[in-house]
Amino acid sequence: KQKHDNNNDNDDDDDNQDRSKEAQEKEISRLHVALLKSCCDVLVFSNDAGVDLYKRLFGKRLHEAVHCILAIMSATTVLYNNFPKP
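Here the structure is a predicted model, which means the values were calculated and not measured.

### Observations regarding the packing of aromatic side chains
Consideration 1: Scanning the entire structure with this criterion turns up one aromatic pair.
Consideration 2: Where tyrosine 54 meets phenylalanine 58, the ring centres are 6.4 Å apart and the plane angle is 20°; that geometry is what we call stacked. One end of the pair is tyrosine 54 and the other is phenylalanine 58, both in helix 2 (residues 53–58) and four residues apart, which spans about a single turn.
Consideration 3: Tyrosine 54 sits in the buried class, given a relative accessible area of 12%.
Consideration 4: Assessed through its relative accessible area of 60%, phenylalanine 58 is described here as exposed.

In C-alpha cells form, the structure reads like this:
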C-alpha cells in the first residue's frame, strides 16, 4: 500500500508541474500579445499630425498603408484579449 501511495504522489507532482508550465506559457503568450499591441500603438501614434516622428527622422511620413496595417493589428490584439476563453 505504501508503494501505491508514493506513485500517486509522483503523479500529483507531475500534474502540478504541467499546470505550472501551462500557466507560465499562457502568461508569456499574453505578454507577447501586449508587447505587439504596444509596439503597433507607438508606431501608429508617432505618425499622427503634430508628432510626425518619421518625418523628423527620415524626411517623409510613414506610408498610409503601413499606418493602417499597424492600426488593424493593434485592434486585433484587443479583440483577441477580450475574446472569451474556453
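### Let's talk about the pattern of salt bridges
Consideration 1: Summed over all chains, the structure comprises three salt bridges.
Consideration 2: Between aspartate 52 and arginine 61 there is a salt bridge, with the nearest N and O atoms lying 2.6 Å from each other.
Consideration 3: On the basis of relative accessibility, which here comes to 18%, the residue aspartate 52 falls in the buried class.

### As for the nonpolar core
Consideration 1: Judged by nonpolar contacts, Cys40, Val44, Tyr54, Leu62 and Leu70 together constitute the single largest core of five residues.
Consideration 2: When neighbours within four sequence positions are excluded, tyrosine 54 is seen to be in contact with Leu43, Ser46, Asn47, Gly59, Lys60, Arg61 and Leu62.

### Quick notes on the environment of phenylalanine 45
Consideration 1: Turning to its location among the elements, phenylalanine 45 is positioned in helix 1 (residues 2–45).
Consideration 2: Taking C-alpha positions, phenylalanine 45 is 9.2 Å from alanine 71, a pair spaced 26 residues apart along the chain.

### Topic: the environment of cysteine 40
Consideration 1: Considering the arrangement of structural elements, one finds cysteine 40 in helix 1.
Consideration 2: Among the residues examined, cysteine 40 registers a relative accessible area of 3% and is labelled buried.
Consideration 3: Contact partners of cysteine 40, with chain neighbours within four places excluded, come to Leu70, Met73 and Ser74.

Definitions and limits used
- Residues numbered from 1 in each chain as written.
- Predicted model: local features only at pLDDT ≥ 70, side-chain atom pairs only at ≥ 80, totals over all residues.
- Heavy atoms only, no water.
- Phe/Tyr/Trp six-rings, centres within 6.5 Å; stacked < 30°, edge-to-face > 60°.
- Helix = DSSP H or I, 4+ residues; strand = E, 2+ residues; numbered from the N terminus.
- Buried < 20%, exposed > 50% of the residue type's maximum accessible area, 1.4 Å probe, protein only.
- Salt bridge = Lys/Arg side-chain N within 4 Å of Asp/Glu carboxyl O.
- Core = buried A, V, L, I, M, F, W, Y, C linked by side-chain atoms within 4.5 Å.
- Contact = heavy atoms within 4.5 Å.

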